[in-house]
Amino acid sequence: MKKVSGVYLWSGFLFVALLTACSENNNETNNDTEETDDTAPLTGVPSDEELTHRTLGVMLGNSSDARPQSGLHEADIVYEVLAEGNVTRLLAIYHSTRPEEIGPVRSARSYYIDLGNGYDTIFASAGGSPDALDMMERGEVDYLSGLAYEGTYFQRSEERVAPHNLYTSYDDLEAAVEETGYEWTGEPEALTFTEEVPEEWEEAGEISVSYGGSSNEMEFHFEEEAEGYLRSAGGNENQDPASGEPASPRNVLIVEASHEVIDDSGRREIDTEGGGPAYLFQDGHVQELEWENNEGRLLPVQNGEVVPFLPGMTWISFVREDLEEHVSYE
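**Quick look at the overall build of the chain**
Then, number 1: Broken down by element type, the chain carries 5 helices and 23 strands.
Then, number 2: Put simply, of all contacts in the chain between residues at least 6 apart along the chain, 63% involve residues at least 24 apart.
Then, number 3: Summed over its atoms, the accessible surface of the chain is roughly 16000 Å², and 44% of this surface lies on carbon and sulfur atoms.

**A look at the pairing of strand β5 (residues 88–94)**
Then, number 1: Burial runs high along β5: 7 of the 7 residues are buried.
Then, number 2: Burial along β5 is two-sided: the face carrying Thr88, Leu90, Ala92 and Tyr94 and the face carrying Arg89, Leu91 and Ile93 are both buried.
Then, number 3: Bridge count between strand β4 (residues 77–82) and β5: 6 bridges; the pairing is antiparallel. Note on β5: the bridge partner recorded for Ile77 is Ile93.
Then, number 4: Hairpin connection, β4 to β5: the antiparallel pair is bridged by 5 residues, and Gly85 has positive phi, about 60 degrees.

**What to know about the packing of aromatic side chains**
Then, number 1: Going through the model one piece at a time under the given rule, you end up with 10 aromatic pairs.
Then, number 2: An angle of 75 degrees between the planes, with centres 6.5 Å apart, marks the rings of Tyr229 and Phe281 as edge-to-face. With Tyr229 in strand β13 (residues 228–233) and Phe281 in strand β18 (residues 276–282), the pair connects residues that are 52 residues apart, well separated along the chain.
Then, number 3: For Phe281, a relative accessible area of 0% corresponds to the buried category.
Then, number 4: Ring pairs connect the aromatic residues Phe222, Tyr229, Tyr279, Phe281 and Tyr329, which therefore count as one cluster.

**Some words on the sheet that holds β13**
Then, number 1: On the basis of which strands lie adjacent, the open sheet formed by 5 strands has the order β14-β13-β12-β11-β23 and antiparallel pairing. Looking at strand neighbours, the two that pair on one side only are β14 (236–237) and β23 (327–329), the edges of this open sheet.

**Quick look at the packing of helix α2 (residues 110–117) against helix α3 (residues 130–137)**
Then, number 1: It is at 7 Å that the axes of α2 and α3 come closest, and there the two elements cross at 40 degrees. Here α2 lies oblique to α3, going by the angle between them. Listed contacts from α3 to Ser110, Ile113 and Asp114 of α2 are Asp131, Ala132, Met135 and Met136.
Then, number 2: Partitioned by chemical class, the residues of the contact of α2 with α3 number 4 nonpolar, 1 polar and 2 charged.

**Regarding the environment of Ala126**
Then, number 1: Structurally, the position occupied by Ala126 is in the loop between β6 (122–125) and α3.
Then, number 2: Judged by its relative accessible area of 15%, Ala126 falls in the buried class.
Then, number 3: The spacing of Ala126 and Leu166 is 40 residues in sequence and 8.2 Å in space, taken between C-alpha atoms.
Then, number 4: When residues no more than four places from it in sequence are discounted, the contact partners of Ala126 are Val105, Arg106, Ser107, Tyr143, Gly146, Leu147 and Leu166.

**Side note on the side chain of Glu256**
Then, number 1: One can find Glu256 in strand β15 (residues 251–256).
Then, number 2: Here Leu323 takes part through its backbone nitrogen, which lies 2.8 Å from a polar atom of the side chain of Glu256.
Then, number 3: When near neighbours in sequence (up to four residues on either side) are disregarded, Glu256 contacts Pro277, Trp291, Val319, Arg320, Glu321, Asp322 and Leu323.

**Description of the pairing of strand β7 (residues 142–145)**
Then, number 1: Of the strand pairs in this sheet, β6 and β7 are connected by 4 bridges, and their pairing is parallel. Of the residues in β7, the one forming a bridge with Ala124 is Leu144.
Then, number 2: With respect to chirality, the unit in which β6 leads through α3 into the neighbouring parallel β7 is right-handed.

**Notes on a negative patch on the surface**
Then, number 1: Where like charges cluster on the molecular surface, the negative patch consists of Glu288, Glu290, Glu321, Asp322, Glu324 and Glu325.
Then, number 2: Put simply, the parts of the chain that give the negative patch at least two residues each are β19 (285–294) and α5 (323–326).
Then, number 3: Residue Glu321 is classed as partly exposed on the basis of its relative accessible area of 38%.

**What about the nonpolar core?**
Then, number 1: Counting 45 residues, the largest nonpolar core has Ile207, Ile254 and Phe281 as its most contacted members.
Then, number 2: When residues no more than four places from it in sequence are discounted, the contact partners of Ile207 are Met218, Glu219, Phe220, Tyr229, Val252, Ile254, Phe281, Val327, Ser328 and Tyr329.
Then, number 3: Counting 38 residues, the second-largest nonpolar core is a separate cluster that includes Ile77, Tyr79, Leu91 and Leu115.

Definitions and limits used
Residues numbered from 1 in each chain as written. Predicted model: local features only at pLDDT ≥ 70, side-chain atom pairs only at ≥ 80, totals over all residues. Heavy atoms only, no water. Helix = DSSP H or I, 4+ residues; strand = E, 2+ residues; numbered from the N terminus. Contact = heavy atoms within 4.5 Å. Areas by Shrake-Rupley, 256 points an atom, 1.4 Å probe, with all protein chains shown as cover. Buried < 20%, exposed > 50% of the residue type's maximum accessible area, 1.4 Å probe, protein only. Pairing = 2+ DSSP bridges. Phe/Tyr/Trp six-rings, centres within 6.5 Å; stacked < 30°, edge-to-face > 60°. Axes fitted to C-alpha atoms, helices over the stretch in contact; angles between N-to-C directions. Parallel < 35°, antiparallel > 145°, perpendicular 65-115°, else oblique. Nonpolar A, V, L, I, M, F, W, Y, C, P; charged D, E, K, R; others polar. Polar contact = N/O pair within 3.5 Å; in protein donor to acceptor, adjacent residues only side chain to side chain. Right-handed = clockwise from strand over helix to strand, strands pointing away. Patch = residues over 30% accessible without salt bridge, like charges linked within 9 Å, V, L, I, M, F, W, Y side chains within 5 Å. Salt bridge = Lys/Arg side-chain N within 4 Å of Asp/Glu carboxyl O. Lys, Arg positive; Asp, Glu negative; His and termini not counted. Charge placed at Lys NZ, Arg CZ, Asp CG, Glu CD. Core = buried A, V, L, I, M, F, W, Y, C linked by side-chain atoms within 4.5 Å.

Structure below.
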């Protein structure tokens, strides 16, 4: 009987040992998974890939002839700033996604390059203003010319008229980086994220940003199912032409800055350094605060502390002086 009991006891011990080993193996597997999982530094969203490369910044047109843009919904960060007249252009910064089509690509202005440099972008555009071209020639930015690479890494679309028909892709831009010899390794410093909007923030599910003229009215409608603000331009929702996916930033930061026309073509100087009043919209809520330039990055601040973003896309719009005159919400 003792012998039999011994067998039973030994079997029980073996069973427990096997369970322990399996548990340890599972823990090791889980730990390995955690180690390989990455969080996108500019969106705070988990990623299956190691994001150890630099960012790509692409200048996109935003006139009525340039809409809807391709690949816009896949950007990590978008800056919207006036170019000439009442028409804005967009700097789309890509890092955690690989869009199959990006465009239409347009020319740069110096302040877009400054904003891109805050994220160490390899900057792509179809030429630029005189001061922007000077910055490129002086080597102040790693630059990919859509005009020089037209027909190779940039293509003209027959579905649009020039100059609103130049397109590229993430893969093409990466190949262009390899040809130029620019350094590609270098993950950007992570932004600060939180999971909740402070309770005291005011509700704001609808945002209107006026740049002058009905075709240049930008609207954001918070959609809980989309987990972000669906963006419309000139009354039309920004849906990707190929996928139908909307641009739906979870963070909308609207900043007031000094604008000055500097030439007969209506080009501007815009103060991206000095800080000032701002609205931060998150998940259907808003807080009035300040913005500051932190080593090239425009960040919301309150009482001297950076206000964190929610995980997801961030959209940053510049407006002229008097924030309340150009922005309304409800």
